[in-house]
Structures are given as C-alpha cells and as structure tokens.
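Here is how the chains run, residue by residue.
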Amino acid sequence: MDRIRITGGHPLSGEIPISGAKNAALKLMAASLLTAEPLVLTNVPRLADVRAMAELLKSFGVGVQITLGDGLGEGDGYRFHAATIASSFASYDMVRKMRASFQVLAPLLARHGEAKVSLPGGCAIGARPVDLHLKALEAMGASVVLEDGYVIASAKGGLKGARIDFPFVSVGATETAMMAATLAKGETVIGNAAREPEIEDLGKCLIAMGAKISGLGSSTIKVEGVAKLNGAEYAVMADRIEAGTYAIAVAIAGGDVELIGARRDDIAPLLNLLQQAGTDIRETKRGIALHRNGGRPAAVDITTAPFPGFPTDLQAQFMALMTVAEGTSVIRETIFENRFMHVPELGRLGADIKVTGDIAAVRGVARLRGAPVMATDLRASVSLVLAGLVAEGETIVNRVYHLDRGFDRLEEKLRAVGAQIVRERE
Ligand code: EPZ
C-alpha cells in the first residue's frame, strides 16, 4: 500500500488550485438517476470515491462517459445517462466501501418506484444511522422494509409531497428528502433542513434539471414536484473542505499561498479563527490569499456545528494546527461521537492532547517531531500530513488510500508550493 513521506519545516509559497467538492459531486452524480436525459458534470474532482460512484451508477445501467479527461480513465468532466434503469440494487460491498452510495436510494425510488440498497452500517467516526432518511421517504408515502441488512423501499404509485421536520440537522437526510421530492406529486416542505453549501449546489443542479425548489441556503426548503426532470450541464462547486485544509497548511507551515477558486463565505468561521490565530487573509479576484510568518499560532477554541458553524470535516486539521499553538485550545466535536482518532497519532508526533468525552484539550508544544503514523479516516489522515509539514524530520503517513478517496492530487498540489512530500509505493 502507498505511503506518503514528508520532511517538515518548509514554508509554502505559490498557488493551489481548489478542485470540485467531493461531497457535492457524489450527490450530483446520484441525481443523474432522476432523469432519462444526460446530466453533464464539469469540475469533477479526481478521486477514488468519484470512480466508485461511477461504477455503482454503471451497475444500474447508467451510461458513464468521461468528457474532459486525460485518456487514461481520469477526468474532470463526465456525462451520465440513465436512459433506463436496468437494476435498482446497491450491494453491501458497494455501500460499505463508500457511505455516500446510500444517496442513490431516493433517486432510484423516485424515478423507478423501487430500490434495494444496503444499510451503510457504522464507520470509523461513529454509528451514523439512516433513520431520518427512511422517515422522510415514509412521510412521502414510500413503504420501507429492513431485511437482512438491506433497505427495501417501494412507492409503486409514486411519492407524494409531505411536510418533513427533521429533529436535528442532517446533510444526507436533507439531500434524500430534496431529491425524492423533485418527482413527488405536490409540495414537500423540509423543516430544519441542512444549510451546507453542498445542499445548495445539489439544489441548483436539480433546478437546472427542471426541479422547482425554493429556500436553498435557509432551514426551510420547499419543493414542488414535477412529472419529469430533464438533462443539464452543471459545474461542481469548489471543495470548501479542501480549501480549508490548505488554508490550515499555510497557517501551520508558514508562507504565502493563494487558493484559486476558494470561496470565503463557504469557510468563513475557519478563516476568522485562522486570523485570530495569526494568519493574514485577504480575498482576491481568483480566491483567497493567506500569509503567515514564522512564530507559533495563538491558541483558539472551536466547537463543530452544522453550517454556518465550524465544519466537523475540518476539526482534525484545525487540531493539528493547535498542537503547535501558544497556549491551550479546547476543541469540541458535536456532530460525530467518535471523531478523535487522529489524537493518538498526533501524540506520536509529540502533541499533548487530552480527550474527555466530546472535548479535546490541546496544549500547544514548541515543536513536533516526525514519526510513522496512520489514520482510519480521510480528514484524520490529512491532519497528519499537515502536522508533518511542521514536524522536525520525517513523517510517514501510512494507509494513503483514505487520502485518495477525498483529496485530489494532494502531494502534487503541496509539492508545487514547496512542501517536501513524496508518495512511495510499497
Ligand atoms: C455528510 O455526511 C458528509 N458526507 C460528511 O463528510 C460530513 O462530516 C457530514 O455531512 C456533516 O457535515 C458526505 O457528504 C458524503 P449528517 P452525512 O447526516 O450526510 C446523525 C467526509 O469526511 N444522523 O449530516 O452522513 C449522524 O450520525 C464526510 O467527507 C442520524 O442520527 O452527515 C451524525 O451524527 C465524513 N440519523 C449527524 O446526524 C440519520 O438518519 C449528522 O450527520 C442521519 C444522520
């Protein structure tokens, strides 16, 4: 298995292009199942998860073509054509490998009238049930049965618009309800909807496909069902988590970097905290520029929360920064119950972190020292890469496949701004 070797202590300088957002692209790909016409997506990130979703769509009979690519099976543009749906079965093997596969349930059900999709089960960061997804579909008239680890859903006469009030904010369940509602009869009102920019991106693409949706970006989304959706061409939004990760890279390693395509509003809470911690930030015509001289960052506290709060997907990376801060930072994770797996690994590099329940107290140290590390999820893995940028000597990050699931050409992008980082094949 590949690993990444980083030699710390090199400031970063130059430009980093931000790729399309993984967590938007995967749902937009699932949305192609809602129409018999082609959906063309551009600015698609080159990621293992995108390839996995394309394979899953092919298994339903969707025609998948790379429209902007390198001729070697990698592309930034794709055409998805679900002229007919030949199968509506998503296996355990598929959904277990990538939870986002579960998002095919609503579009399959809405267009095809039935679907059998494996329950995703728990994962490294928490139990992650799907009860809210299923309740939303039931409220719209679907019959939902759980059998041998599978969700078997049917709505032979079609789905019906409904009032759905989520007890707490869920990105995935909001997307399920929104996609299902596009083809339901009548109006659906989604209360306590997630406001994440990826939801807005999905909504805008659905509108381009002919859906009638209002209230995007607010906590009440209304969808007036239509008889059918059409094809469209849509560019995936820039990845705010990738942008935030590279912003933290500059804060931890020092230097001057412009993040091309990054949008301030998408990561405002992070940028405000980075400023408080001592990084200069300004918006440019092409994105966001960050500047930081040497010296340790100031300690600041964070609590993760649904958008527009501090994103859980940047918690591990921010913790990496706080390990070398002046003072103690209190980090509270409120979204997932087990999202501190990076703590013992950061400890191997010399970080001083104590976890009590959902709180991590990070006492900044003057220096980290390189060591071999590995992590069990995507964002945790990249937090170790960030720590490696500032650690003395060599850090070796194992289990690189996590990074390949969600960071498009990570080492290439970091090397281009002066980081000493190489991938080694075993
Ligand atoms: C999405 O997951 C993202 N994944 C996650 O990113 C991200 O961390 C999360 O949203 C929060 O922003 C994708 O978009 C593919 P939720 P999702 O439903 O939709 C509980 C990454 O690293 N819940 O908003 O699964 C759930 O257990 C990933 O890219 C239920 O209890 O997240 C969690 O505690 C990791 N029942 C909370 O809600 C449900 O039916 C929020 O989860 C649904 C969720």
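This structure is a prediction, so every number in the text was calculated from the model and none was measured. (Residues numbered from 1 in each chain as written. Predicted model: local features only at pLDDT ≥ 70, side-chain atom pairs only at ≥ 80, totals over all residues. Heavy atoms only, no water.)

The environment of the ligand is made up of 21 residues, and the closest members are Asp131, Ser170, Asp313, Ile335 and Arg379. A distance of 3.2 Å separates a nitrogen atom of the ligand from a polar atom in the backbone of Pro129. Starting from 830 Å² of accessible surface for the ligand in isolation, the protein chains cover 86%. At the level of elements, helix 1 (22-31), helix 5 (131-139) and helix 6 (171-182) are the ones that each hand at least two residues to the shell around the ligand. (Near = heavy atom within 4 Å. Polar contact = N/O pair within 3.5 Å; in protein donor to acceptor, adjacent residues only side chain to side chain. Areas by Shrake-Rupley, 256 points an atom, 1.4 Å probe, with all protein chains shown as cover. Helix = DSSP H or I, 4+ residues; strand = E, 2+ residues; numbered from the N terminus.)

If you walk through the whole model with that rule in mind, you get 29 salt bridges. We note a salt bridge from Arg240 to Glu198, for which the minimum N-O separation is 2.8 Å. Of this pair, Arg240 sits in helix 8 (residues 240-253) while Glu198 sits in helix 7 (residues 197-208), and the two are 42 residues apart along the sequence. Given a relative accessible area of 9%, Arg240 falls into the buried group. One salt bridge in this structure joins Asp313 and Arg339, with 2.7 Å as the shortest N-O distance. Taken together, the residues span a long stretch of sequence, with Asp313 in the loop between strand 18 (302-303) and helix 10 (315-322) and Arg339 in the loop between strand 19 (328-332) and helix 11 (342-348) at a distance of 26 residues. Each of the two residues, Asp313 as well as Arg339, counts as buried. Linked through salt bridges whose partners overlap, the residues forming this network are Asp2, Asp404, Glu411, Arg423 and Arg425. (Salt bridge = Lys/Arg side-chain N within 4 Å of Asp/Glu carboxyl O. Buried < 20%, exposed > 50% of the residue type's maximum accessible area, 1.4 Å probe, protein only.)

The next point concerns the sheet that holds strand 7 (residues 114-118). With mixed pairing, the 4 strands of this open sheet are ordered in space as 6-7-9-8. The open sheet has two free edges, formed respectively by strand 6 (89-90) and strand 8 (143-147), since each of these has just one partner strand. Strand direction decides the pairing type here: strand 7 and strand 9 (residues 150-154), joined by 5 bridges, are antiparallel. Along strand 9, the bridge assignment pairs Val117 with Val151. Against the sheet, helix 4 (residues 105-112) makes contact with strand 7 and strand 9, and its axis sits at roughly 165° relative to strand 7, the strand it touches most. (Pairing = 2+ DSSP bridges. Contact = heavy atoms within 4.5 Å. Axes fitted to C-alpha atoms, helices over the stretch in contact; angles between N-to-C directions.)

A few words now on the sheet that holds strand 1 (residues 3-7). Taken in spatial order, the 4 strands of this open sheet run 22-23-1-24, and their pairing is mixed. Among the strands making up the open sheet, the edge pair consists of strand 22 (372-374) and strand 24 (420-424). Strand-to-strand twist of the sheet, defined as the mean angle between neighbouring strand axes without regard to direction, takes the value 25°. Together, strand 1, strand 22, strand 23 (394-398) and strand 24 form the strand contacts of helix 12 (residues 378-390), whose direction differs from that of strand 23 by roughly 170°.

What follows deals with the domain arrangement of the protein chain. One frequently used descriptor of interface size is the decrease in accessible area upon assembly of the parts. Entries for the protein chain in the domain assignment read domain 1 (2-18 + 239-425) and domain 2 (22-223). Taking only C-alpha atoms, the centre of domain 1 and the centre of domain 2 are 30 Å apart. Of the residues lining the interface, 23 residues belong to domain 1; the matching set on domain 2 comes to 20 residues. Across the interface of domain 1 and domain 2, roughly 1,700 Å² is buried in total on both sides, 50% from carbon and sulfur atoms. At the surface where domain 1 touches domain 2, the tally comes to 3 salt bridges. Residue Arg405 is joined to Asp49 by a salt bridge in which the shortest nitrogen-to-oxygen separation is 2.8 Å. (Domains from an automatic or database assignment. Buried area = accessible area lost by both parts, 1.4 Å probe.)

So, about the pairing of strand 14 (residues 232-235). Residues of strand 14 alternate between two faces, with Ala232 and Tyr234 buried on one and Glu233 and Ala235 left unburied on the opposite face. With 4 bridges joining them, strand 3 (residues 39-42) and strand 14 adopt parallel strand pairing. Residue Leu41 lies in a different strand from strand 14, and its bridge partner there is Tyr234.

Before going further, it helps to examine the side chain of Thr182. If you trace the backbone, Thr182 turns up in helix 6. Residue class for Thr182 comes out buried when judged on its relative accessible area of 0%. Within the structure, Thr182 has its side chain in polar contact with the backbone oxygen of Met179 (distance 2.7 Å). Ignoring sequence-local partners within four residues, the contact set of Thr182 consists of Leu34, Leu206, Ala211, Ile213, Val223, Glu224, Gly225, Val226 and Leu229.

With that settled, the discussion passes to the environment of Phe80. Within the secondary structure, Phe80 sits in strand 5 (residues 75-81). Relative accessible area serves as the criterion here: at 0%, Phe80 is assigned to the buried category. Considered as a pair, Phe80 and Thr376 are 296 residues apart in the sequence and their alpha carbons are 31 Å apart.

Moving on to the packing of helix 8 against helix 9 (residues 268-276). Relative orientation of the contacting elements helix 8 and helix 9 amounts to 5°, with a least axis distance of 11 Å. Accordingly, the angle class assigned to the pair helix 8 and helix 9 is roughly parallel. Contacts between helix 8 and helix 9 involve Gly244, Ala247, Ile248 and Ala251 on the former and, on the latter, Leu270, Leu271 and Leu274. A breakdown of the residues in the contact of helix 8 with helix 9 according to their chemical character gives 6 nonpolar, 1 polar and no charged. (Parallel < 35°, antiparallel > 145°, perpendicular 65-115°, else oblique. Nonpolar A, V, L, I, M, F, W, Y, C, P; charged D, E, K, R; others polar.)

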